[in-house]
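Letter by letter, the chains look like this.
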Amino acid sequence: MIVAMQERATEEQIDSVIDALVEAGVNVHRTTGSTQTILAAVGPTAGLDLTKFELLSGVLYVHRITAPYKLAGRAFRPEGTVVEFPNGAKIGGNQVAVIAGPCAIENRDQIFTIAACVKAAGAGFLRGGAFKPRSSPYAFQGLGIPGLKIMHEAAQAHDLLTVTEVMEISQIEPMLPYTDCFQVGARNMQNFNLLRELGQVRKPVLLKRGIAATIEELLLSSEYIMSGGNYDVILCERGIRTYETSTRNTMDISAIPVVHKLSHLPIVGDPSHGTGRRDMVPAMAKAAVAAGADAILVEIHPNADKAASDAAQTLYLEQFEQLMRELRVVAAAVGRTL
Ligand code: PEP
Ligand code: MN
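A brief look at the structure comes next. (Residues numbered from 1 in each chain as written. Chains lettered and ligands numbered in written order. Predicted model: local features only at pLDDT ≥ 70, side-chain atom pairs only at ≥ 80, totals over all residues. Heavy atoms only, no water.)

### Let's talk about the coordination of the manganese ion (ligand 2)
All of the protein donors around the manganese ion (ligand 2) are C103 (SG), H273 (NE2), E299 (OE) and D310 (OD); their distances to the metal are 2.1 to 2.4 Å. Ordering the donors of the manganese ion (ligand 2) by residue number gives the pattern C-x169-H-x25-E-x10-D. Taken as a pair, E299 in strand 14 (residues 295–299) and D310 in the loop between strand 14 and helix 11 (317–333) lie far apart in primary sequence, 11 residues in all. D310 shares its class with E299; the two are buried. (Donors = N, O, S within 2.8 Å, 3.2 Å for Na, K, Ca; no water. Helix = DSSP H or I, 4+ residues; strand = E, 2+ residues; numbered from the N terminus. Buried < 20%, exposed > 50% of the residue type's maximum accessible area, 1.4 Å probe, protein only.)

Set out below in structure tokens:
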């Protein structure tokens, strides 16, 4: 951590900043230039609140040099993490994975039709929510465990893996037999108790970025899961809330290369929630692959307009098939397979 003092900082101010740093348990190396003094704090700075030092009199700014996350940081596994599933499928590495399915599991017919399409199009993961975090308590809340059982059956029939959202700790145990990958939704990215509990599970977790979360906060949330011993974490950029209103969210494509630089964890692009609009999903899916996404998550439905949730952003099955063809070309152009 670097503390830069103001140009006219007095010796007294500098000494009291040094005292505060020493009291916080770090070693201080002082450099005095012709106009300014710089204090380099070395030691256990991860848990320190930078603002506390910024507020000390005579301080210009405080800058962290080492990341506050350790397990999620690139240095922990410079070669990158490849999350492996029991049937041999992977997320991370050279092949771009595809996770597709409805926003919500609605009935047997719906999910079996979608599973057949997902498999035929060459994707490996079937998604569908059984517990839905809806903005309105009056909207469809999902079928719960019975719905998950149907999706699991459909996935098994086509050798697909299931990805589904867990909203609270009590759901983990009953979901386990029917879930290959637990999704933590944007609204729960900072549900730290849930994250800790998922650290005890030995199944991969797909962690979505919160709508107002920074990338650092996303990585700190993944640290909660990893510090419990579950290193199979997959991050997901699904759009953040900005002042722009032409799309439901603003899909932060740049988060993809940023995450690759800062972390070894794979990252998924979700253009469905990222845009909220069917007509823009293909463009952003291709952009995400071009930017280095390790997987794409996309909502599809045979009767997209009538989907029980997120209809406006859901692709028809033919649109998904077309997108898969286009994604293969983009993946090849950036040296990946799909
Ligand atoms: C979903 O995947 O259907 C979902 C609710 O996602 P998010 O948490 O990103 O809104
Ligand atoms: Mn959805």
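### Considerations on the nonpolar core
Among the nonpolar cores identified, the biggest contains 68 residues, and L126, L198, L207, L235, V298, I300 and F320 are the most heavily contacted of them. The biggest single contributor to this core is helix 11, with seven residues. With sequence-adjacent residues up to four places away left out, L198 is seen in contact with V166, I172, F182, V184, V205, I225 and N230. Among the nonpolar cores identified, the runner-up in size contains 17 residues, and L21, L48, F53 and V59 belong to it. (Core = buried A, V, L, I, M, F, W, Y, C linked by side-chain atoms within 4.5 Å. Contact = heavy atoms within 4.5 Å.)

### Thoughts on the packing of aromatic side chains
Tallying each qualifying case throughout the model produces three aromatic pairs. Each ring, one from F76 and one from Y231, has its centre 5.7 Å from the other, and the planes form 90 degrees; the classification is edge-to-face. With a gap of 155 residues between them, F76 in the loop between strand 4 (59–63) and strand 5 (83–84) and Y231 in the loop between helix 7 (215–226) and strand 12 (233–237) connect regions that are remote in the sequence. The exposure class of F76 is partly exposed, given its relative accessible area of 35%. A residue is classified by how much of its surface remains accessible, and Y231, at 29% relative accessible area, is partly exposed. (Phe/Tyr/Trp six-rings, centres within 6.5 Å; stacked < 30°, edge-to-face > 60°.)

### Some points on helix 10 (residues 281–290)
Every buried residue belonging to helix 10 is among V281, A285, A288 and V289, and all of these are buried. Around the axis of helix 10, the buried residues are gathered within 100 degrees of arc, so they sit on the same side. Looking at the buried positions of helix 10, the neighbouring elements they touch are helix 8 (255–262), strand 13 (267–269), helix 9 (271–275), strand 14 and helix 11. The first or second residue beyond helix 10 is G292, which carries a positive phi of 110 degrees. (Arc of directions from axis to C-beta.)

### Comments concerning the site of ligand 1
Residues in close proximity to ligand 1 total 13 residues, the closest being R127, Q183, A186, K208 and R238. For ligand 1, an oxygen atom lies 2.7 Å from a polar atom in the backbone of A186. R187 is positioned with one of its side-chain polar atoms (N or O) 2.9 Å from an oxygen atom of ligand 1. Against a free-state accessible area of 290 Å², the protein chains account for coverage of 97% of ligand 1. Considered class by class, the residues forming the shell around ligand 1 number three nonpolar, three polar and seven charged. (Near = heavy atom within 4 Å. Polar contact = N/O pair within 3.5 Å; in protein donor to acceptor, adjacent residues only side chain to side chain. Areas by Shrake-Rupley, 256 points an atom, 1.4 Å probe, with all protein chains shown as cover. Nonpolar A, V, L, I, M, F, W, Y, C, P; charged D, E, K, R; others polar.)

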